[in-house]
Amino acid sequence: MHLLRYDLEPGEEDWFARRKLEYINSLSGNLFEALRMALMLAICAPGLTWHFYVCAVLLLAQMRVGLTELRRKETCGDHTAPEMVDIWARGIWLRAIFLSAFTAACIVAVPQERIGAMIIYVLVLAQLELLLQFTMPVAGIISQCISLGLTALALLLRPDMHAELILPVMGLQLLALHVMLFNLHYMFATRILRTRRLKDASETIQTLLTEYETHASDWMLETDREGRVVAPSDRFCAAFGRTAEELKSVKLVSLFAQGPETEALRKAAHSLKPFRDVIVPVVIDDDLHWWSLTGNAVYDGLEHTGFRLFVRDVTDRHAAESQVRFLADHDSLTVLPNRHNFQMRLEASLDCVTADCPCAVLYVDLDHFKAVNDNLGHQFGDSVLVEAAWRIKSALGEGGFVARLGGDEFACIVDEFAGAADLRQLGLQIVEAISLPMEIERRTVRIGASVGIAIAPEHGPTSEILLRSADLALYEAKSRGRGSAIVYDPAMEELKQERGRLELDLRSALADGEFELHYQPLHELAGDRIAGFEALLRWRHPERGLIPPDVFIPIAEQTGLIVALGEWVLREALAEAATWPSDMTVAVNVSPAQMADFTLLKQVIAALSASGFDPHRLELEITETMLMQECDEHLQQLERLHGLGVRIALDDFGTGYSSLNYLRSFPFDKIKIDRCFITEMNAGSESSAIIEAVLDLANKLNMQTIAEGVESEEQLVSLRALGCEQVQGYLISKAIPAAELPITRRFARQDFAISAVTPFMPEFPPVADAIPGAEMQEARRA
């Protein structure tokens, strides 16, 4: 029974029945029955009467009528295929009954000498009938049982046969027929079902491939063993914009752009091994595309006949992956190589470095960038970084490598240079390029740069040592006032350690009372008298003695201590100046760090409150650096101070890039002409012409003028002739302690008390109303 069980899917039962009927109808039943009957009559002829022949003819006629009726019912369509199979099965039973009865009669009548031939003929007929009956095994085995049963009965009726021999032989025959019948049926069923399903699968695959070829992003391609295109598909032709005839027999690799990728494909094909996702470039209509090829070799037996490939256009994916790889080694903002890329490039350069073939590293740090970023926003700061990166790259030229390390730090690698002087000149070009005004979002900003330079192998054989040397050189450049390019010197290590010790001492110097103020006279030329003094900070170190400001002021600015120092200077200078004659002014220098978050305004109000000093006698000297960003907060803070009556002076006028533009931004009370013009002034010089123009401009703008750095009588005479109002410098006096000032005090400093003094203090103008509440109350108390 297990040979009759096979899985039929829904709808296959009817199809399976039709296949059985098709097989039965393919056999010539009438011819088979006629031959069967003729041979049987021929074997039994000597013992048969005419009655047998008449029965044979009638039997054949009945068989023919029966077959005709079965085929009529099949073609009329009144019965389903499974019903027709059942009808055929009943027909087989009836056939078996009639034919077996006739055969049994012949066996009884056949002469003894021909009984052996008759038995053999009957057994052979049973084997042949399997060809008809295996499609319906149950009906077939019933038919065989009827046939063999009647045959055995006929043999038993003959007196010359023995039952003990006939019955076992017939039993074995029936068993053999049973096994063969059911196995033939099983093979028939499984073969046609497997063929059907393979055909369905093949059709499904072909449909999918057609759909895939038509609509998917991939397409198939075949080549011969030489790599020439065979039967190119429509999509393949459309991709190249060429016809199938034009592409047929063309070598596939010749269609791709030559390069390492195409060479990798050629090697993969030569290995005759399967390959996957080999990316190759393709130029179509001057546009670069990227295709991914997956394929394997095709064989006919043991002979290699070609390749079968799947092709996919991965241009977008390749672009995205290239972008990811690019961003892994490049800065996303400036598109310059990043720190990782720089480190790899530096290691590669150092591998080739010799004493005769050195390389150099330039560290570039932007000056005043933090102020731009904090005051104008990070988006604006990003635009400044992009512009700075472009300027550094342009200044360095094609022979250098530029990377952004992070923040406002950049680094350059130079492999070709004449010497240290050449590198320093290159560094100055970078500084000059970055220092030029930047026009960004309809605003003009100015930053600077400092450059530290180190040369390998002289300043370091490894990347770590070389970068440390460049960093020390950069630190030195910033310590010298920024805006410079410094080549590393071994002495810088000691200088850095010295600065570190100074920084530690500086942090405790204010609390320990080590700072003091010296005052340099501001000489009025018209009245030939001292109009006031400029307060200058000095540090009297207990061990090192008097340390000049140009040494500790940069350290204070870098560490942020300058804010506390600036507040102390304001309080000390106003407390001292309060004891001077009421017509004398005091000038105090202000650091850019004090401008942040209205700190300067708060410090000035607090100092005025503590000292009772007349704000009209206070001059705050600001540099162009403080106005460089044109920050609204800075200008607003200066306007509030100006509203309090504090005079604002523009220090070092003429050394910046847009000094005249600052005069338009804010109404200064005084302009201080930088000492560089005074030092170089002589009759007919450019400096004299500049000074004359500045004095004329200040006069028209109703601004007071003062020249610093006056050291000779000739300079004084020239300035007096040009109409300068005030001068200061060593010719008049150097800065001296408060105790040595050549003035008559109104009262002694130690007797000073706010309650004992009622200086002139005007009402605050309306602009002071914008001062926050706590500051306003403190100002009112003052």
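Cut-offs and rules
- Residues numbered from 1 in each chain as written.
- Predicted model: local features only at pLDDT ≥ 70, side-chain atom pairs only at ≥ 80, totals over all residues.
- Heavy atoms only, no water.
- Buried < 20%, exposed > 50% of the residue type's maximum accessible area, 1.4 Å probe, protein only.
- Helix = DSSP H or I, 4+ residues; strand = E, 2+ residues; numbered from the N terminus.
- Pairing = 2+ DSSP bridges.
- Contact = heavy atoms within 4.5 Å.
- Axes fitted to C-alpha atoms, helices over the stretch in contact; angles between N-to-C directions.
- Salt bridge = Lys/Arg side-chain N within 4 Å of Asp/Glu carboxyl O.

Enquirer: Quick rundown of the pairing of strand β8 (residues 409-414)? Include the residues and the values.
Expert: For β8, a buried count of five out of six residues is recorded, marking the element as mostly surrounded by other parts of the structure. Here strand β7 (residues 400-406) runs beside β8; their pairing, made up of six bridges, is antiparallel. Among the inter-strand pairings, Gly406 is bridged to a residue of β8, identified as Glu409. As consecutive antiparallel partners, β7 and β8 are separated by two residues, and within that stretch Gly407 has a phi angle of approximately 60°, a positive value.

Enquirer: Which residues make up the sheet that holds strand β2 (residues 229-230), and what values do they have?
Expert: Sheet architecture is open: five strands sit in the order β2-β1-β5-β4-β3, paired in antiparallel fashion. The strands lining the two open edges of the sheet, one partner per strand, are β2 and β3 (275-284). Helix-sheet contacts for helix α10 (residues 260-270) involve β3, β4 (287-300) and β5 (303-313), and the interaxial angle to β3 is about 135°. Along the sheet face, helix α11 (residues 315-329) touches β3, β4 and β5 and points at about 115° away from the line of β4.

Enquirer: Give me the lowdown on the sheet that holds strand β11 (residues 448-456), citing residues and values where you can.
Expert: Spatially, five strands are ordered β7-β8-β6-β11-β12 in an open sheet, and the strand pairing comes out mixed. Two strands bound the open sheet, and with one partner strand each, they are β7 and β12 (485-487). Here the strands of the sheet are splayed against their neighbours by 20° on average, with no regard to which way each runs. Across six bridges, strand β6 (residues 359-367) lies against β8 in antiparallel orientation. Pairing of Ala360 across the sheet is with Val414, part of β8. On top of the sheet, helix α16 (residues 463-479) reaches β6, β11 and β12; it is set at about 145° to β11, its chief contact.

Enquirer: Outline the pairing of strand β18 (residues 647-653), listing residues and values.
Expert: With five of seven residues buried, β18 is to be regarded as a mostly interior element. Here strand β17 (residues 618-622) pairs with β18 via four bridges, running parallel. Residue pairing across strands places Ile622 opposite Leu650, the latter belonging to β18. Bridge analysis of β18 against strand β19 (residues 670-673) gives three bridges, and the strand direction is parallel. Bridge assignment links Phe653 to a residue of β19, and that residue is Ile673.

Enquirer: Residue-level account of the pattern of salt bridges, with values.
Expert: Counted by the stated rule, this structure contains 26 salt bridges. Among the ionic pairs, Asp367 bridges to Lys478, the shortest N-O distance being 2.8 Å. Placement of the pair is Asp367 in strand β6 and Lys478 in helix α16, with a sequence separation of 111 residues. In this pair, the class of Asp367 matches that of Lys478, namely buried. Here Arg391 makes a salt bridge to Glu387, at a shortest N to O gap of 2.8 Å. Placement of the pair is Arg391 and Glu387 together in helix α14 (residues 378-396), with a separation of four residues, close to one helical turn. Judged by its relative accessible area of 11%, Arg391 falls in the buried class. Each of Glu494, Glu498, Arg501 and Arg544 takes part in one network of salt bridges that share partners.

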